[in-house]
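As a plain string of letters, each chain reads:
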Number of protein chains: 2
Amino acid sequence: MENRTQTSLIALRRILRATELNARTLARATGLTTPQLIVLEIVAAATRLTPKDIAARAGVGQATATALVDKLEARGLVTRTRGEKDRRVVWVAPTEAGLEMLKAAPDPLQRTFSKQFEALPDWEQAMVVAALEKVGAMLNAGTIDASPLLDVGAVDRK
Amino acid sequence: MENRTQTSLIALRRILRATELNARTLARATGLTTPQLIVLEIVAAATRLTPKDIAARAGVGQATATALVDKLEARGLVTRTRGEKDRRVVWVAPTEAGLEMLKAAPDPLQRTFSKQFEALPDWEQAMVVAALEKVGAMLNAGTIDASPLLDVGAVDRK
DNA sequence: AAATTTCATTCGCTAATCAAATCATATTTT
DNA sequence: AAAATATGATTTGATTAGCGAATGAAATTT
């Protein structure tokens, strides 16, 4: 019974796999790619923000954010407006069409999850929440102090 | 309790985020990109297999698998050999250097997770396993759970 | 022997991503 | 005020990933 670690790792992978597949399906359904959809969600959630903010929230570079906004703008899902007070900034906002798109194609994975989660008995909901938070904490603990470990480095450095 | 759904979704996102960051860090440490590393892991776990197998296990097209093997071969991490019996097939196998690379830079996320998981009291291990499996099942309920595709190397291979 | 299937690879194309350079507009210093 | 510096967005140039269709080579089937 020692490979519970294995079992949990497999379960984790299955979760990752499911979300990955979901992203692709969703992308195909909306005609948008995953990164584009993420940006659209970010924009819609904030009602108005700059490319720099988008980059920070999406975890990509500014150049990439600009490129993604280009795509969305070309599709009429977001608009760009020069800042009045500071003309260097650009405000990106969702259009009606953009909001519609999100409403029409809500994240099916989230939907499925929510629906099933809410159907669980109370004790099981509590268990799932506790376990997920535990796992999240464990993984994040790793990322933070794993830096030295990661620099096993020079493996391929020149 | 509407809130618990939210909480669990947030926890899930945190887990996804952690794994994503991990992939990037790891890629940087090894000098390989994430897909390349995945392929290398698959190859190393199987000791010898065809591009077709790789494609199936990595969940990408055959053409993409070929391209990734190209990169790894150019770096001297894997070798290609024509099949003796059936000359259409190509056997891809890890080189010493390839195995070294994986040994030198093992997946830190898995490491951290395993370590912390094993430190948990028995009841909590059981809870985490149960919850992760539950979540996996819930997420997969929506999609068609392609079992062969789940066969992603290292972790779940003997 | 001819047709079909099966693999791997190549080709053309799109998308994501980054770093560095560029351009326009503040803000700060001298 | 003029010059220097800083900031924000974009452009440019490059690499990587990925797909589908076409190609080529080697079985296998008819």
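Cut-offs and rules
Residues numbered from 1 in each chain as written. Chains lettered and ligands numbered in written order. Predicted model: local features only at pLDDT ≥ 70, side-chain atom pairs only at ≥ 80, totals over all residues. Heavy atoms only, no water. Helix = DSSP H or I, 4+ residues; strand = E, 2+ residues; numbered from the N terminus. Buried < 20%, exposed > 50% of the residue type's maximum accessible area, 1.4 Å probe, protein only. Contact = heavy atoms within 4.5 Å. Near = heavy atom within 4 Å. Polar contact = N/O pair within 3.5 Å; in protein donor to acceptor, adjacent residues only side chain to side chain.

Asker: Quick question: what am I supposed to make of the environment of Ile42 of chain B here?
Answerer: All names here are of chain B. By the secondary structure assignment, Ile42 is in helix α2 (residues 34–46). On the basis of relative accessibility, which here comes to 2%, the residue Ile42 falls in the buried class. A sequence separation of 15 residues divides Ile42 from Arg57, and the C-alpha atoms of the two residues are 7.5 Å apart.

Asker: What is the right way to read the environment of Ala97 of chain B from this model?
Answerer: Residue and element names in this part refer to chain B. The topology assignment puts Ala97 in helix α5 (residues 96–104). Placed 21 residues apart in sequence, Ala97 and Gly76 show a C-alpha to C-alpha distance of 7.0 Å. Excluding anything up to four places from it in sequence, Ala97 contacts Gly76 and Leu77.

Asker: Would you explain the protein's contact with DNA strand D in this entry?
Answerer: Thr50, Lys52 and Arg80 of chain A together with Thr33 and Gly61 of chain B are the nearest of the 23 residues found near DNA strand D. Considering the 4 Å shell around the protein, atoms of DNA strand D inside it are sugar or phosphate in 77% of instances. Between Arg80 of chain A and DNA strand D, the recorded distance is 2.8 Å, taken from a side-chain N or O atom to a phosphate oxygen. One of the side-chain nitrogen or oxygen atoms of Arg88 of chain A is found 3.1 Å away from a base oxygen of DNA strand D. Residue assignment for the surface near DNA strand D shows that the elements contributing at least two residues are α3 (51–58) and α4 (62–74) of chain A together with α2 and α4 (62–74) of chain B.

Asker: I keep staring at the environment of Ala63 of chain A and nothing clicks. Help me out?
Answerer: Residue and element names in this part refer to chain A. Within the secondary structure layout, Ala63 lies in helix α4. Judged by relative accessible area, Ala63 falls into the exposed class, the value being 63%. The spatial distance from the C-alpha of Ala63 to the C-alpha of Pro51 is 8.9 Å, given a sequence separation of twelve residues.

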